[in-house]
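One letter stands for each residue in the lines below.
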Amino acid sequence: MPTYLEDEIIRIAAKAGAEAAIQKEAEKKKHSKRLRNTKLLLEHYREFKAYSANAVYNAETSPHAIDILEALWIKDDDRRELVIDSIKRSAVRTMVIVSHIDTMLDVYNSLVEKSNDELEKRRCRVITARYISDEQLTIEEIAREESIEPRTVYLDIEAAVSKLSTLFFGIDMFLNV
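Keep in mind it's a predicted model, so treat the numbers as computed, not measured. (Residues numbered from 1 in each chain as written. Predicted model: local features only at pLDDT ≥ 70, side-chain atom pairs only at ≥ 80, totals over all residues. Heavy atoms only, no water.)

**Q** Would you explain the pattern of salt bridges in this entry?
**A** Close approach of charged atoms lets side chains of opposite charge pair. A full pass over the atoms with the stated rule returns seven salt bridges. Measuring nitrogen to oxygen at the nearest pair gives 2.8 Å for the salt bridge that ties glutamate 146 to arginine 125. With glutamate 146 in helix H6 (residues 139-146) and arginine 125 in helix H5 (residues 118-132), this pair connects stretches of sequence that are 21 residues apart. Sharing partners across several salt bridges, the network here consists of Glu120, Arg122, Arg123, Asp156 and Lys163. (Salt bridge = Lys/Arg side-chain N within 4 Å of Asp/Glu carboxyl O. Helix = DSSP H or I, 4+ residues; strand = E, 2+ residues; numbered from the N terminus.)

Put into structure tokens, the structure is as follows:
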């Protein structure tokens, strides 16, 4: 029959084990969320690029853009300011994100080229064909072009997204933040 001290040790150990398991699961969810966010950024990359290229508000045209935005007819002056500020913030945030993605894609391409790893080169081509190039190819089209199975295209995307997540999010990809 266990003593009080043994019961207490078991209770403390069980609590510590449960807390560690909960912490580990939370870290896995954060990692998974960043992978998901990377994939979402890639899936919407073309739209973000188009938005950035066509946004009325940007650093060069800001005086003209503000005039255009202020011309939007909103009865409530406070609400008009809120809408204008929201559009400006959205345009700037999107431009910063697109610039960051472009830079990290360049870094990724450079790293892949320097590696001389044919598998990584193919993964880079797959990501480009699926998310970056002007014309988006289907999974089947990519598979035919690369002479691989469609399932391999998905696996290549997963592997490339993992590498790109590190580039997009830096050390935060691994830290508990």
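**Q** It is not clear to me how the nonpolar core should be interpreted in this structure. Could you clarify?
**A** Note on soluble globular proteins: their nonpolar side chains tend to be buried together. Core analysis: the largest hydrophobic core is formed by 25 residues, its most contacted members being Leu42, Tyr108, Ile127, Val153, Ile157, Leu164 and Phe168. Within the residue set of this core, elements represented by two or more residues are helix H1 (4-43), helix H4 (77-115), H5, H6 and helix H7 (150-169). Per element, the largest residue contribution to this core is seven residues, and it comes from H7. Sequence-distant contacts of tyrosine 108, defined by excluding residues within four places in its chain, comprise Glu120, Arg123, Cys124, Ala160, Lys163, Leu164 and Leu167. (Core = buried A, V, L, I, M, F, W, Y, C linked by side-chain atoms within 4.5 Å. Buried < 20%, exposed > 50% of the residue type's maximum accessible area, 1.4 Å probe, protein only. Contact = heavy atoms within 4.5 Å.)

**Q** Just checking my understanding: could you explain the confidence of the model for the protein for this structure?
**A** Low pLDDT means the predicted coordinates in that region are not meant to be read closely. This prediction gives the protein a mean pLDDT of 80; 71% of its residues lie at or above 70. Confidence, expressed as mean pLDDT per element, reaches its minimum in the protein at helix H3 (residues 62-70) with 51 and its maximum at H6 with 97. (pLDDT = per-residue confidence, 0-100.)

**Q** Before we go on, may I ask you to explain the packing of H5 against H6 in this structure?
**A** How two helices sit against one another is set out by the angle between their axes and by the gap between those axes. At a minimum axis separation of 10 Å, H5 and H6 run at an interaxial angle of 145°. Crossing geometry of H5 relative to H6 is assigned as right-handed. Each of Arg122, Arg125, Val126, Ala129 and Arg130 in H5 lies in contact with H6, whose residues at this interface are Ile139, Ile142 and Glu146. When grouped by side-chain class, the residues that make up the contact of H5 with H6 number four nonpolar, no polar and four charged. (Axes fitted to C-alpha atoms, helices over the stretch in contact; angles between N-to-C directions. Left-handed = near helix turned anticlockwise from the far one by under 90°. Nonpolar A, V, L, I, M, F, W, Y, C, P; charged D, E, K, R; others polar.)

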